[in-house]
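# Reading the structure
Now for the letters of each chain:
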Protein chains: 2
Amino acid sequence: MTADTKGLILDTAEVLFAEGGFASTSLRTITARAGVNLASVNYHFGSKEALIRSLFERRITPMNRKRLSLLDGLRGQHEGAAIPLGALIDAFMRPALGLARDTQQGGAVFLRLLGRSYTEPSTTLQEAIRVMHEPVIEQFKSAFAEALPQLPSEEFYWRMHFMVGLLAYMMSGTDMMRLVASCRRSDPMDTDAMIRRLRVFLSAGMRAPLPEIDSQAGPSG
Amino acid sequence: MTADTKGLILDTAEVLFAEGGFASTSLRTITARAGVNLASVNYHFGSKEALIRSLFERRITPMNRKRLSLLDGLRGQHEGAAIPLGALIDAFMRPALGLARDTQQGGAVFLRLLGRSYTEPSTTLQEAIRVMHEPVIEQFKSAFAEALPQLPSEEFYWRMHFMVGLLAYMMSGTDMMRLVASCRRSDPMDTDAMIRRLRVFLSAGMRAPLPEIDSQAGPSG
DNA sequence: GTCTATAGTCAGATAGAC
DNA sequence: GTCTATCTGACTATAGAC
């Protein structure tokens with residue numbers, strides 16, 4: 001899958017798009033770096049935009065398959081009963097953030113691309129990606145709702161939004177760590193530790209007491 | 001500040017960049033929409049990149065001034081003692097997310113731009129913005145550290161990162177709400193409610209019990 | 001399937017008149 | 001400060017030989 005032209009283009013494009021963004025990375029740069037002919041992109045994919053869509057599909061499909069299989073596993077473990085919140089968060093995040101480990105096959109690079117796609121201006125791409133995620137989101141949404149039965153639905157949706165948002169941000173992997181810390185990340189990428197920290201953080205947030213409507217200080221000062 | 005050419009360019013560029021991103025929005029489009037001459041961008045700003053930097057400086061400077069003045073106010077209120085976490089989060093988020101309300105003067109548009117800047121590929125721009133934020137981050141970092149004295153420093157940095165990340169995502173204002181919910185946002189933009197919800201969520205996350213090192217399920221399952 | 005060559009478009013930047 | 005006109009270069013996409 002890496003030897004043929006099509007795969008070479010995909011792999012190279014993934015790296016270059018992650019570094020420079022979609023608009024500023026030209027097909028010329030991609031094909032030159034891949035060592036293939038300029039025209040081959042249009043032959044194999046039809047257009048630049050179609051190439052980008054293929055890129056996302058190639059990674060998102062197996063990732064979401066893994067998510068659903070983890071969820072099924074959890075459902076089996078807890079037959080009928082609600083799945084614990086932490087386990088759900090784990091099943092949702094791990095197939096995505098686990099790509100960070102996959103330095104070999106380009107998954108780590110793709111992770112940044114995926115994270116960035118959430119804030120990308122292109123409407124058509126966003127819509128395409130939304131469709132790829134839709135069934136997974138539906139499944140997890142109801143599992144999360146069962147895990148948090150006491151949460152009013154409006155509150156629930158906001159918190160789901162917060163969770164997905166933070167995940168997206170962590171995926172984009174900006175080195176904003178530097179902004180907040182003088183420390184550079186100690187381990188090159190200790191994914192397990194990060195997932196554990198995220199799960200703890202998010203579990204607490206999702207379960208936070210309801211905000212009081214009238215108070216400015218709330219229950220959290 | 002809106003009548004002169006320079007201001008007109010800034011206002012127009014802000015809107016167009018927020019809609020289409022930096023790379024895909026041309027100076028031609030901007031100047032045409034603004035009703036000014038193409039050459040005036042280079043006359044007033046020197047280059048496209050310099051225009052973008054000016055854009056960010058114009059908004060970030062007063063925003064960060066507000067943050068610091070809120071922090072000073074809190075310090076005065078709690079002379080010597082640690083400032084409560086919720087109040088700190090509020091002082092940090094409000095000047096940023098409050099821009100969402102400023103539909104009149106373009107602040108709402110800028111908010112999306114600022115959120116997106118955290119995941120933007122351009123290294124030079126990211127570095128410039130990082131420098132603009134640096135003093136504010138330093139001040140808040142130590143205030144947060146005082147509010148969370150029991151947190152080990154590595155844990156502390158990660159959670160600060162999570163907080164900033166979620167804020168950045170919410171600023172970018174992607175309509176991912178749709179992804180997670182069938183509901184469109186009920187209020188056009190109830191900033192106060194959102195800030196309250198974010199504060200509750202983040203307060204709980206920042207104060208979550210420490211993750212256990214050996215356990216997969218952690219204290220949060 | 002792969003290549004060369006090129007069409008057709010648009011970009012950022014600048015020179016120089018007013 | 002503002003304008004027109006233009007330079008120079010880059011881009012996506014395609015036609016057509018091999």
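Residues numbered from 1 in each chain as written. Chains lettered and ligands numbered in written order. Predicted model: local features only at pLDDT ≥ 70, side-chain atom pairs only at ≥ 80, totals over all residues. Heavy atoms only, no water.

Now for the overall build of chain A. Summing up its helical and strand segments, chain A has 10 helices and zero strands in all. Secondary structure elements of chain A occur, N-terminal to C-terminal, as α-α-α-α-α-α-α-α-α-α. Residue pairs at least 24 apart in sequence account for 72% of intrachain contacts in chain A once pairs closer than 6 positions are excluded. Summing over all exposed atoms, chain A offers an accessible surface of approximately 9,800 Å²; the carbon and sulfur share of this is 53%. (Helix = DSSP H or I, 4+ residues; strand = E, 2+ residues; numbered from the N terminus. Contact = heavy atoms within 4.5 Å. Areas by Shrake-Rupley, 256 points an atom, 1.4 Å probe, with all protein chains shown as cover.)

On to the protein's contact with DNA strand C. The immediate surroundings of DNA strand C are formed by 14 residues, with Thr-5 and Asn-37 of chain A together with Ser-26, Leu-27 and Arg-28 of chain B found nearest. Among the atoms of DNA strand C lying within 4 Å of the protein, the sugar-phosphate backbone contributes 54%. Measuring from a base nitrogen of DNA strand C, one finds a side-chain N or O atom of Arg-28 of chain B at 2.7 Å. Of all elements in the fold, only helix 3 (39-44) of chain A together with helix 2 (27-34) and helix 3 (39-44) of chain B reach the threshold of two or more residues within the surface near DNA strand C. Of the residues in the surface near DNA strand C, the class split is five nonpolar, seven polar and two charged. (Near = heavy atom within 4 Å. Polar contact = N/O pair within 3.5 Å; in protein donor to acceptor, adjacent residues only side chain to side chain. Nonpolar A, V, L, I, M, F, W, Y, C, P; charged D, E, K, R; others polar.)

With respect to the element layout, Arg-159 of chain A can be found in helix 8 (residues 153-172). In this view, Arg-159 of chain A contacts Leu-151, Gly-205, Met-206, Arg-207, Ala-208, Pro-209, Leu-210 and Pro-211 of chain A together with Val-200 and Phe-201 of chain B; residues no more than four positions away in its chain are not counted.

The final tally for this structure, using the stated rule, is 16 aromatic pairs over all chains. With a centroid separation of 6.0 Å and an interplanar angle of 50 degrees, the aromatic rings of Trp-158 of chain B and Phe-162 of chain B are classed as tilted. Of this pair, Trp-158 of chain B and Phe-162 of chain B both sit in helix 8 (residues 153-172), four residues apart, which is roughly one turn of the helix. Judged by its relative accessible area of 13%, Trp-158 of chain B is buried. What makes Phe-162 of chain B buried here is its relative accessible area of 0%. Among the aromatic residues, those joined into a ring-pair cluster are Phe-17, Phe-22, Phe-56 and Phe-110 of chain A. The lysine or arginine in question, Lys-6 of chain A, covers the ring of Phe-45 of chain A, its NZ or CZ lying 5.8 Å from the ring centre. (Phe/Tyr/Trp six-rings, centres within 6.5 Å; stacked < 30°, edge-to-face > 60°. Buried < 20%, exposed > 50% of the residue type's maximum accessible area, 1.4 Å probe, protein only. Lys NZ or Arg CZ within 6 Å of the ring centre and 35° of its normal.)

Around DNA strand D lies a shell of 15 residues, among which Ser-26 and Arg-28 of chain A together with Thr-5, Asn-37 and His-44 of chain B are the nearest. Put simply, 55% of the atoms of DNA strand D that lie within 4 Å of the protein are in sugar or phosphate. Contact distances for DNA strand D include 3.3 Å between a base oxygen and a side-chain N or O atom of Arg-28 of chain A. One of the side-chain N or O atoms of His-44 of chain B is found 2.8 Å from a phosphate oxygen in DNA strand D. Secondary-structure elements contributing two or more residues to the surface near DNA strand D are helix 2 (27-34) and helix 3 of chain A together with helix 3 of chain B. With three residues, helix 3 of chain B is the single largest residue contributor to the surface near DNA strand D. Looking at side-chain class alone, the surface near DNA strand D contains five nonpolar, seven polar and three charged residues.

Let us look at the side chain of Arg-197 of chain B. For Arg-197 of chain B, the position within the fold is in helix 10 (residues 191-206). For Arg-197 of chain B, a relative accessible area of 14% puts it in the buried group. Side-chain polar atoms of Arg-197 of chain B contact the side chain of Glu-155 of chain A, separated by 3.1 Å. Among residues more than four places away in sequence, those in contact with Arg-197 of chain B are Glu-154, Glu-155, Trp-158 and Phe-162 of chain A.

Further remarks concern the environment of Met-206 of chain A. In this structure, Met-206 of chain A sits in helix 10 (residues 191-206). Through-space distance from the C-alpha of Met-206 of chain A to that of Leu-85 of chain A is 8.7 Å; in sequence the pair is 121 residues apart. Among all residues touching Met-206 of chain A, those that are not within four sequence positions of it are Leu-85, Phe-144, Leu-148, Leu-151, Arg-159, Met-160 and Met-163 of chain A together with Phe-201 of chain B.

For chain A, the average pLDDT comes to 89, and 87% of its residues sit at 70 or higher. Confidence over residues 215-221 of chain A falls short of pLDDT 50; this stretch has 17 contacts with residues more than four positions distant or in other chains. (pLDDT = per-residue confidence, 0-100.)

Residues and elements named next belong to chain A. Taken as a whole, chain A is organised into domain 1 (1-46) and domain 2 (53-206). Put simply, the middle of domain 1 and the middle of domain 2, counted by C-alpha atoms, are 27 Å apart. Residue-level contacts link 11 residues of domain 1 with 13 residues of domain 2. Carbon and sulfur atoms supply 64% of the area that domain 1 and domain 2 bury against each other, a total of about 1,000 Å² over both sides. When the area that domain 1 buries against domain 2 is broken down by residue, the three leading residues are Glu-14, Ala-18 and Phe-22, summing to 58%. (Domains from an automatic or database assignment. Buried area = accessible area lost by both parts, 1.4 Å probe.)

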